[in-house]
Amino acid sequence: MDIAKAAQQGDTTLEQDGLRVFLEDRANLMLANTSIDFVEQQGFVLTGMQQSSCSSSCSC
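Cut-off values and rules
- Residues numbered from 1 in each chain as written.
- Predicted model: local features only at pLDDT ≥ 70, side-chain atom pairs only at ≥ 80, totals over all residues.
- Heavy atoms only, no water.
- Helix = DSSP H or I, 4+ residues; strand = E, 2+ residues; numbered from the N terminus.
- Buried < 20%, exposed > 50% of the residue type's maximum accessible area, 1.4 Å probe, protein only.
- Contact = heavy atoms within 4.5 Å.
- Areas by Shrake-Rupley, 256 points an atom, 1.4 Å probe, with all protein chains shown as cover.
- Salt bridge = Lys/Arg side-chain N within 4 Å of Asp/Glu carboxyl O.
- Pairing = 2+ DSSP bridges.
- Phe/Tyr/Trp six-rings, centres within 6.5 Å; stacked < 30°, edge-to-face > 60°.
- pLDDT = per-residue confidence, 0-100.

## Regarding the overall build of the chain
Broken down by element type, the chain carries one helix and four strands. Listing the helices and strands of the chain from first to last along the sequence gives β-β-α-β-β. With 60 residues in all, the chain has 7% of them scored as buried. For the chain, the proportion of contacts with a sequence separation of at least 24, taken over those separated by at least 6, is 2%. If you sum the accessible surface of the chain, you get close to 5,600 Å²; carbon and sulfur atoms cover 48% of it.

## Brief notes about the pattern of salt bridges
Scanning all chains against the criterion turns up one salt bridge. Of the charged contacts in the structure, one is a salt bridge between Glu 15 and Arg 20, with a shortest N-O distance of 3.6 Å. Glu 15 sits in the exposed class, given a relative accessible area of 53%.

## Focus on the pairing of strand β3 (residues 35-39)
Taken together, the five bridges between β3 and strand β4 (residues 43-47) define a ladder with antiparallel strand orientation. Bridge pairing links Ile 36 to Leu 46 in β4. Hairpin connection of β3 to β4: three residues between the antiparallel strands, including Gln 41 at a positive phi of 65°.

## Comments concerning the packing of aromatic side chains
Tallied over the full model, the rule gives one aromatic pair. With a centroid separation of 5.3 Å and an interplanar angle of 75°, the aromatic rings of Phe 38 and Phe 44 are classed as edge-to-face. As far as the burial class goes, Phe 38 and Phe 44 line up, both exposed.

## Notes on the confidence of the model for the chain
Averaged over the chain, the pLDDT score is 84; the fraction of residues at 70 or greater is 83%. Here helix α1 (residues 25-30) stands out as the element of the chain with the lowest mean pLDDT, 88, in contrast to strand β1 (residues 12-16), whose mean of 92 is the highest.

Pasting the structure below:
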């Protein structure tokens, strides 16, 4: 995850309550049906994220 001021070519832009999130295609697929919240002293929390079927040595 990184902070960007604008979307890169091919990114999907999601916006809610003035917050814009730019996602690459692969991240967009992985984060479908995922909620992202910010919790004090914990940071960003993702709920409902799809588990990858890829191993760490895979380049999917």
